[in-house]
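One-letter residues, chain by chain:
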Amino acid sequence: MTESVWPRGGWTRAFHYVRHRVQRLPDDPHRIARGVFAGVFVSFTPLFGFHFLSAATVALIVRGNILAALLATFFGNPITFPIIAYSSMKLGKRMLGQTFDETHQETLLQAFLGAGEDIKHNLFAIFTDDVTQWGALAAFFHDVFLPYLVGGLIPGIIAGLICYYLSAPIIAAYQKHRRTRLKDRFDKLKAKLQARKEERQDKI
């Protein structure tokens, strides 16, 4: 449970691991970079619990690498989520003509808890005679989810494009270097085998 918030080795080590995995993906650099765009973009949405599915969907739409998109959702983590949530909520509230009060953070927590209680109640109501309740869910959608979703679109696209244009040439250079290194290894192995063959022929 603790490692889901703070992975073993820290987030720096986790970042380098994800970067290494993305660079080694066997695909065109621009397809991988489009996948990175998809994952980073989705990290700015309030679709918690559905980021993998959403990233894969966006990757399919932009013809990006799906695995790269899944790995790039790492952009949203316990360190960056507070910044993403704050900026998205603030921008979304302004875009929708609503007031954003920075001092009412407890209201956001109550909105999440209230929405969760409504979902739980309504699930049980399916199998009982209880009446479904939508008040807290409606308030959550209006006060939190919609502003977060709308406000996250612009910074999500900007961050995604920045990561796309940064990752494409880096991945291309890494793949070129890796191909060159593998070719050198192959040439050395081939030369070594050829030398052994010639050595055997000389003995004969």
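Residues numbered from 1 in each chain as written. Predicted model: local features only at pLDDT ≥ 70, side-chain atom pairs only at ≥ 80, totals over all residues. Heavy atoms only, no water.

1. Points about the overall build of the protein chain
Counted only if it meets this: Helix and strand assignments follow DSSP, with helices taken as H or I runs no shorter than four residues and strands as E runs no shorter than two, numbered in order from the N terminus. Residues count as neighbours in contact if any of their non-hydrogen atoms are within 4.5 Å of one another. Where accessible areas are quoted, they stem from the Shrake-Rupley method and a 1.4 Å probe; at the residue level, only the protein chains shown are allowed to cover.
Counting secondary structure elements, the protein chain contains 8 helices and 0 strands. Starting at the N terminus, the α and β elements of the protein chain follow one another as α-α-α-α-α-α-α-α. Within the protein chain, counting contacts between residues at least 6 apart in sequence, those at least 24 apart form 69% of the total. Counting only carbon and sulfur atoms, one obtains 65% of the accessible surface of the protein chain, whose full area is about 13700 Å².

2. Observations regarding the packing of helix 3 (residues 29-42) against helix 4 (residues 51-61)
For any two helices packed against each other, one specifies the crossing angle of their axes together with the interaxial distance. Operational definition: Lines fitted to the C-alpha atoms define the axes, with helices restricted to the stretch that makes contact. Angles between their N-to-C directions range from 0 to 180 degrees. Small angles under 35 degrees read as roughly parallel and large ones over 145 as roughly antiparallel, with 65 to 115 read as roughly perpendicular and the rest as oblique. Put simply, a crossing is left-handed when the front helix is turned counterclockwise from the back one by less than a right angle, and right-handed when it is turned clockwise.
Across the interface, helix 3 lies against helix 4 with an axial gap of 8 Å and an inter-helix angle of 140°. One finds that helix 3 runs oblique with respect to helix 4. Note on packing geometry: the crossing formed by helix 3 with helix 4 is right-handed. In contact with Ala-38, Gly-39, Phe-41 and Val-42 of helix 3, helix 4 contributes His-51, Ser-54, Ala-55, Val-58 and Ala-59.

3. Quick notes on helix 6 (residues 81-95)
What counts, and what does not: Expected span of a helix, by definition, is 1.5 Å for each gap between consecutive residues, and there is one gap fewer than residues. Between buried and exposed lies partly exposed: a residue is buried under 20% and exposed over 50% of the maximum accessible area for its type, with that area taken using a 1.4 Å probe on protein chains only. In this context, the arc is that of the directions from the helix axis out to the C-beta atoms.
Its 15 residues give helix 6 an end-to-end C-alpha distance of 20 Å, which sits within 8% of 21 Å, the value for a rise of 1.5 Å per residue. The complete set of buried residues in helix 6 reads Ile-84, Ser-88, Met-89, Gly-92 and Lys-93. For helix 6, the buried positions fall inside an angular range of 140° around the axis, keeping them on one side. Exposed side chains of helix 6 directed beyond 90 degrees from the buried face belong to Pro-82, Ile-83 and Arg-94. One or two steps after helix 6, the chain reaches Gly-97, where phi turns positive at roughly 75°.

4. Focus on the nonpolar core
For clarity, the threshold we go by: Remark: nonpolar core denotes a set of buried residues (Ala, Val, Leu, Ile, Met, Phe, Trp, Tyr, Cys) joined through side-chain atoms within 4.5 Å.
Within the largest apolar cluster, 16 residues are counted, with the highest numbers of intra-cluster contacts made by Ile-32, Val-36, Val-40, Phe-44 and Ala-68. Elements that contribute at least two residues to this core include exactly helix 3, helix 5 (66-72), helix 6 and helix 8 (135-203). It is helix 8 that contributes the most residues to this core, 7 residues altogether. Beyond its immediate stretch of four places on either side in the chain, Phe-44 contacts Phe-75, Ile-84, Ser-88, Tyr-148, Gly-152, Pro-155, Gly-156 and Ala-159. Judged by nonpolar contacts, the second largest core, of 7 residues, contains Val-42, Ala-55, Val-58 and Ala-59.

5. Things to note about the packing of aromatic side chains
Which entries qualify depends on this criterion: Only Phe, Tyr and Trp rings take part, Trp by its six-membered ring, and two of them pair if their centres are within 6.5 Å. Stacked means planes under 30 degrees apart, edge-to-face means over 60, and tilted covers everything else.
Under the criterion given, the structure shown has 6 aromatic pairs. Summarising the aromatic geometry, the rings of Phe-48 and Phe-81 are spaced 5.6 Å apart at their centres and angled 80° between planes, so their arrangement reads as edge-to-face. Placement of Phe-48 in the loop between helix 3 and helix 4 and of Phe-81 in helix 6 is noted, with a sequence separation of 33 residues between them. On the basis of relative accessibility, which here comes to 22%, the residue Phe-81 falls in the partly exposed class.

6. Regarding helix 4
Those residues of helix 4 that fall on the buried side of the exposure criterion are His-51, Ser-54, Ala-55, Ala-56, Val-58 and Ala-59. Contacts made by the buried residues of helix 4 are with helix 3, helix 5 and helix 6. After helix 4 finishes, the residue Arg-63 shows a positive phi value of roughly 60°.

7. A look at the side chain of Lys-93
For Lys-93, the position within the fold is in helix 6. For Lys-93, a relative accessible area of 9% puts it in the buried group. Beyond its immediate chain neighbours, meaning those up to four positions away, Lys-93 contacts Gln-98, Thr-99, Phe-100, Asp-143 and Pro-147.

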